[in-house]
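Below, each chain spelled out in residue letters.
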Amino acid sequence: MSSPTTRATAIASMLSTALGAPLDCDDPGAVRTEATDTGLRISAPVPAALSEAVHVHVLTFLTRTADRFGHIQHDGTSVIWAEIETADAGREAP
């Protein structure tokens, strides 16, 4: 299985290509990758005119690649997100 960083990079790249969004820049429409307490979270705004075929492609890719994903409304913008657990995520301390 690929490392969490490799999987997150693949998701960010796919979202950038599929949604036409830049990667991690100051643009509010960019694909963002953030470290969380449990892993890596990738998010991107979804254009209103996204075709059904592209939507299906994105969801199929996330189903195969992400540990969790979803589609929410945030500050009036439709946002798709995915999470990748790091190696230590979900493990309790001894």
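Scroll up to find the structure.
Below: a short report on this structure. These numbers come from a predicted model, not from an experiment.

## What to know about the overall build of the chain
Helix and strand counts for the chain come out as 2 helices and 4 strands. For the chain, the N- to C-terminal ordering of α and β elements is α-β-β-α-β-β. Here the C-alpha coordinates of the chain stretch approximately 50 × 25 × 20 Å along the principal axes. The 94 residues of the chain split such that 33% are buried. Within the structure as shown, the chain displays about 5,900 Å² of accessible surface, and the carbon and sulfur contribution to it stands at 53%. Considering the chain, the positive charge centre built from 6 side chains and the negative charge centre built from 12 side chains are found 7 Å apart.

## Description of the nonpolar core
Membership of the largest hydrophobic core comes to 18 residues, with the highest contact counts inside it found for I11, L15, V31, I42, L62, I80 and I84. Ranked by the residues each element gives to this core, the list is headed by helix α1 (residues 4-19), at 6 residues. Once you skip the residues sitting within four places of it in the chain, I84 turns out to touch P4, R7, A8, I11, T38, G39, L40, I42, T65, A66 and D67.

## With respect to the layout of surface pockets
Roughly 230 Å³ of internal volume is contained in the largest pocket. Taken together, P28, A30, R32, R41, S43, A44, P45, I72, H74, D75, T77 and V79 make up the lining of the largest pocket. Looking at the lining of the largest pocket, the elements with two or more residues in it are β2 (39-45), β3 (68-74) and β4 (77-85). Per-element accounting of the lining of the largest pocket gives the leading share, 4 residues, to β2.

Thresholds applied
Residues numbered from 1 in each chain as written. Predicted model: local features only at pLDDT ≥ 70, side-chain atom pairs only at ≥ 80, totals over all residues. Heavy atoms only, no water. Helix = DSSP H or I, 4+ residues; strand = E, 2+ residues; numbered from the N terminus. Buried < 20%, exposed > 50% of the residue type's maximum accessible area, 1.4 Å probe, protein only. Areas by Shrake-Rupley, 256 points an atom, 1.4 Å probe, with all protein chains shown as cover. Lys, Arg positive; Asp, Glu negative; His and termini not counted. Charge placed at Lys NZ, Arg CZ, Asp CG, Glu CD. Core = buried A, V, L, I, M, F, W, Y, C linked by side-chain atoms within 4.5 Å. Contact = heavy atoms within 4.5 Å. 1 Å grid on protein atoms, 1.4 Å probe; cavity = no way out; pocket = protein on both sides within 12 Å on 5 of 7 lines; lining within 4 Å. Points joined across faces, edges and corners; volume = space filled by probe spheres on them.

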